[in-house]
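Here is how the chains run, residue by residue.
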Amino acid sequence: MTRPTEADVRLAAELVRGAGSLAAKMRHAGIGDSIETKTSVSDVVTAADKAAEKAIVDRLAAEHPGDGILGEEGSTRESATGRVWTIDPVDGTYNFVRGLEWWCSALALTDGDDLVLGAIYSPAEDAVYVGGPELPTTRNGVRLDPVLDTPLALACLTTYLHPAQLRHPVGEAYVRVASQAASIRILGSGSMDLTAIAQGKLHLFCQHSVPDWDRLPGAALVLGVGGTTAQVEAGGVLWSLAGAPAAVAEAVEALAS
């Protein structure tokens, strides 16, 4: 497992803080007609998403020109070092557009198959989270407590599922997990949900067809507090899970049954 350097940790924190601050400033100024729809009415992109991603990419080009880049808004660069920065400039764009505060800027650093670190900045709470498998997770530099193992029956599940899918095999797989959970939250930002799991406020992330920019930053934080992650196919899609080890294990079993 690759250990992050102090310089990587510092840079990651600075990148997400800068991107999130820029997006927040642009929202305050008014995003006007910059909103575009991507795959659905709830999947949108704004000029702030694009500007925040460009700010991260430009700095990485200057400081780590050999590293690869994978950005949600289309930025890509092949890696000459084996390292890749995966970027979500605004995670929770629908919330961002609608004036809700559950959104963030997020990124992850991988080295080959190793997840090195994740970093997330929440402008609403002015909080930077950084952590990874070999990096204890912190919030504004203060180390978070280890995750408390929680069974699914006592766990608060966080997810995202299009309502139309409830009647499909995808929905049937979801219900096998959700029906065993103590409570459910659908808040609209996977990365923010995972910061809450890393803090013990929620317990289990379970969502299907999750791209790396929505999965890796928060998964790194969960691993940094002793949580676990998993992926399993069910209902014809790939589910990603993260959280308290017992809840993850039970959810995997429910999905696979």
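To be clear, the structure that these remarks concern was listed above.
Residues numbered from 1 in each chain as written. Predicted model: local features only at pLDDT ≥ 70, side-chain atom pairs only at ≥ 80, totals over all residues. Heavy atoms only, no water.

Focus on the pairing of strand E6 (residues 104–111)
The side chains of a regular strand alternate, residue by residue, between the two faces of the sheet.
(1) Moving on: Extensive coverage of E6 is indicated by the burial of seven of its eight residues.
(2) Moving on: In this structure, strand E5 (residues 83–91) lies alongside E6, joined through seven bridges in antiparallel fashion. Bridged to Asp91 within E6 is Cys104.
(3) Moving on: As judged from the seven bridges shared by E6 and strand E7 (residues 114–122), these two strands associate in the antiparallel manner. Within E7, the position partnered with Ala108 by the bridge is Gly118.
(4) Moving on: Hairpin remark: E6 followed by E7, antiparallel, with two residues in the connecting loop; positive phi at Gly112, about 65 degrees. (Buried < 20%, exposed > 50% of the residue type's maximum accessible area, 1.4 Å probe, protein only. Helix = DSSP H or I, 4+ residues; strand = E, 2+ residues; numbered from the N terminus. Pairing = 2+ DSSP bridges.)

A few points about the packing of aromatic side chains
Where two aromatic rings form a pair, the distance of their centres and the angle of their planes describe that pair.
(1) Moving on: Taken as a whole, this structure holds one aromatic pair when the rule is applied.
(2) Moving on: Between the aromatic rings of Phe96 and Trp103, the centroid separation amounts to 4.8 Å while the plane-to-plane angle is 80 degrees, which identifies the pairing as edge-to-face.
(3) Moving on: Under the relative-accessibility criterion, Phe96 is labelled buried at 0%. (Phe/Tyr/Trp six-rings, centres within 6.5 Å; stacked < 30°, edge-to-face > 60°.)

Examining the sheet that holds strand E12 (residues 183–185)
(1) Moving on: The five strands are arranged E12-E11-E13-E15-E14 in an open sheet whose pairing can be described as mixed. Where the open sheet ends on each side, the last strands, each with one partner, are E12 and strand E14 (228–234). Averaged over all neighbouring strand pairs, the angle between strand axes comes to 25 degrees, with direction disregarded.
(2) Moving on: Both strand E11 (residues 156–158) and E12 contribute to a ladder of three bridges, which runs parallel. Each bridged residue has a counterpart across the sheet, and for Thr158 the counterpart in E12 is Arg185.
(3) Moving on: Across the face of the sheet, helix H5 (residues 190–198) comes into contact with E11, strand E13 (204–208) and strand E15 (237–243) while running at roughly 155 degrees to E13. (Axes fitted to C-alpha atoms, helices over the stretch in contact; angles between N-to-C directions. Contact = heavy atoms within 4.5 Å.)

Description of the environment of Ala220
(1) Moving on: For Ala220, the location among the structural elements is in helix H6 (residues 212–223).
(2) Moving on: Put simply, Ala220 and Gly118 are 102 residues apart on the chain and 5.0 Å apart in space, counted from C-alpha to C-alpha.
(3) Moving on: Residues in contact with Ala220, not counting those within four places in the same chain, are Leu115, Leu117, Gly118, Gly131, Gly132, Pro133 and Thr137.

With respect to the sheet that holds E6
(1) Moving on: Judged by pairing direction, the sheet is mixed, and its eight strands sit side by side in the order E4-E3-E5-E6-E7-E8-E9-E10 without closing on themselves. The sheet terminates laterally at strand E4 (76–77) and strand E10 (142–143), the two strands that pair on one side only.
(2) Moving on: Across three bridges, strand E8 (residues 127–132) lies against strand E9 (residues 135–139) in antiparallel orientation. In the sheet register, Val130 faces E9, and the bridge partner there is Thr138.
(3) Moving on: Contacts from helix H2 (residues 47–63) reach strand E3 (68–71), E4, E5 and E6, with the element oriented near 155 degrees to E5.

Looking at the packing of helix H1 (residues 6–29) against H2
(1) Moving on: At their nearest, the axes of H1 and H2 sit 9 Å apart, and the two run at 150 degrees to each other. Put simply, H1 runs roughly antiparallel to H2. For the pair H1 and H2, the crossing hand works out as right-handed. When H1 is examined against H2, the residues Leu11, Glu14, Leu15, Ala19, Leu22, Ala23 and Met26 are found in contact with a partner set consisting of Ala47, Ala48, Ala51, Ala52, Ala55, Ile56, Arg59, Leu60 and Glu63. (Parallel < 35°, antiparallel > 145°, perpendicular 65-115°, else oblique. Left-handed = near helix turned anticlockwise from the far one by under 90°.)

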